[in-house]
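Okay, here's what each chain looks like letter by letter:
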Amino acid sequence: MHNNLYAVVGNPVSHSKSPRIHSLFAAQTGEPVEYTAIQAPLEEFAETVREFFAKGGKGLNVTVPFKEQAWQLADHRSGRAEKAGAANTLYQDGQGHLVADNTDGVGLVTDLTVNAGVSLAGRRVLVLGAGGAVRGVLGPLLAEKPGALVVANRTVVKAEGLASLFRDEAGDSELSACGFAAATGPFDIIINGTSASLQGDLPPVAPGVVSSSTVVYDMMYAAGDTPFNAWARQQGAGKVLDGLGMLVEQAAESFRVWRDVKPETASVIAELRNH
Ligand code: ATR
C-alpha cells in the first residue's frame, strides 16, 4: 500500500500540537503528508508501532511516556539517538528495519542559535535537570562548544551520571555536575529541563545564577510565561524564551529526516504562538 501517513504516538496525546505543526509543514512544502495522533495503551506501545508500519505508515513521532521504549524497539539508531537513550522519531529503512532518531536536541539548539540568535560557543551554560529530556539535548548542546556546561539536578548522582556519559563529547568544554544550590553564577545561558513545573515547583537555584545578560530557556512552554520563566524575569534575566520554538524545530527536523525537505519554521512558530 502506498500512503503518506505519519503520526505522533503518546499517552495521553490529544493535547499534542504535532498534527497541527506537520499539517502546516505539508501545506507549506506541498509534500503529501497526512499526520494524525495515536494514543497507544500504556502496555501496547510496540504493538501499536508494528501495526502502524504494517499498514504502510511512513513515520512516527514518539512522545511521553514512550521515548525510551521507542529507542529500545528500534533495529538501528542514529548516532544522536544512540547517545540520547531515547527516540522521538521512527521510520523504516529500505529493508524494512525500524530506525530510531532523536531530533529534540537539534530542535533546542536551532531555536536558541538560529531563531533567538544566541550563540553557545564559549559561553557558560547551566542546564537544570538530569532526566530523559536533558539527556536528549546534551550532545547537541556540547557540539556548540560552550566554554562551560554545568548540569545541576535535585538528585546529584543523576547529574554526575550524565556528566560522565557525555565526557567524551565535551572536547574543550568544561563539563561538570552539581546540586541546584551549588550552581554559582552568573551564567550566560540557563536551560530548564526539569519537570518541576508539572508539580507547580521551581528548581531551587540561587538567584545569583541570573544576571541582566542571562538568556533563560525553559524547555516547557505555556500560553503565558512558564513558572520558571516568570521567576527568571523577576530576577532580571536579559532574555526569556520558552520551548515552543524547540517543539516546532524538532518537528521540522523529523519532517526533513522522513521527506528530505526542510520546512520553514518561523511562520509556523508565529502561527502557533498567536492561536
Ligand atoms: P523527563 O523525561 O521530563 O526528563 P524524567 O526523566 O522523569 O522526565 O526527569 C525529570 C527531571 O525533572 C529530573 O531531573 C527530576 O529531578 P530528579 O532527578 O531529582 O528526580 C526533575 N524534577 C522533577 N520534579 C522536580 C521538582 N519538583 N523539583 C526539582 N526537580 C524536579
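Everything numeric in this text was worked out from a predicted model, so none of it was measured. (Residues numbered from 1 in each chain as written. Predicted model: local features only at pLDDT ≥ 70, side-chain atom pairs only at ≥ 80, totals over all residues. Heavy atoms only, no water.)

Student: Can you lay out the overall build of the protein for me, pointing to particular residues and giving the numbers?
Tutor: What the protein contains, in helices and strands, is 10 helices and 12 strands. Whereas a compact globule of 275 residues would reach a radius of gyration of roughly 19 Å, the protein reaches 18 Å, a difference of no more than 12%. For the protein, the spread of C-alpha atoms along the principal axes amounts to about 60 × 40 × 35 Å. The buried share among the 275 residues of the protein stands at 51%. Restricting to contacts in the protein with at least 6 residues of sequence separation, those with at least 24 account for 70%. Put simply, the protein shows about 12100 Å² of open surface, and 51% of that area lies on carbon and sulfur atoms. Between the centroid of the 22 positive side chains of the protein and the centroid of its 29 negative side chains there is a distance of 2 Å. (Helix = DSSP H or I, 4+ residues; strand = E, 2+ residues; numbered from the N terminus. Rg over C-alpha atoms; globule rule 2.2 N^0.38 Å. Buried < 20%, exposed > 50% of the residue type's maximum accessible area, 1.4 Å probe, protein only. Contact = heavy atoms within 4.5 Å. Areas by Shrake-Rupley, 256 points an atom, 1.4 Å probe, with all protein chains shown as cover. Lys, Arg positive; Asp, Glu negative; His and termini not counted. Charge placed at Lys NZ, Arg CZ, Asp CG, Glu CD.)

Student: Help me get a handle on the nonpolar core, residues and values and all.
Tutor: Core analysis: the largest hydrophobic core is formed by 28 residues, its most contacted members being Leu108, Leu112, Leu138, Leu141, Leu149, Leu175 and Ile191. Of all the secondary structure elements, the ones that give two or more residues to this core are helix H5 (104-115), strand E7 (124-128), helix H6 (132-143), strand E8 (148-152), helix H7 (156-165), strand E10 (189-192) and strand E11 (215-218). The biggest single contributor to this core is H6, with 5 residues. Ile191 has contacts with Leu108, Leu112, Val125, Leu126, Val127, Leu128, Leu141, Tyr217 and Met219, leaving out every residue within four places of it along the chain. (Core = buried A, V, L, I, M, F, W, Y, C linked by side-chain atoms within 4.5 Å.)

Student: Describe the pairing of E10, listing the residues and the values that go with them.
Tutor: The alternating pattern of E10 places Ile189 and Ile191 and Ile190 and Asn192 on opposite faces, both of which are buried. Looking at chain direction, E7 and E10 are connected through 4 bridges and run parallel. Its bridge partner lying in E10, Val125 is registered against Ile189. Across 4 bridges, the pairing between E10 and E11 is parallel. Along E11, the bridge assignment pairs Ile189 with Val215. (Pairing = 2+ DSSP bridges.)

Student: An account of H5 is requested, with residue identities and associated values reported.
Tutor: Across its 12 residues, H5 extends 15 Å between first and last C-alpha, which sits within 8% of the 16 Å expected from 1.5 Å per residue. Buried within H5 are the following residues: Asp104, Gly105, Gly107, Leu108, Val109, Thr110, Asp111 and Leu112. Immediately beyond the C-terminal end of H5, within one or two residues, lies Gly117, with a positive phi of roughly 65°. (Expected span 1.5 Å × (residues − 1).)

Student: Which residues make up the environment of Ala196, and what values do they have?
Tutor: Turning to its location among the elements, Ala196 is positioned in the loop between E10 and E11. By relative accessible area, Ala196 is classed as buried at 14%. C-alpha of Ala196 to C-alpha of Arg124: the two residues are 72 residues apart in sequence and 23 Å apart in space. With sequence-adjacent residues up to four places away left out, Ala196 is seen in contact with Asp201, Leu202 and Pro203.

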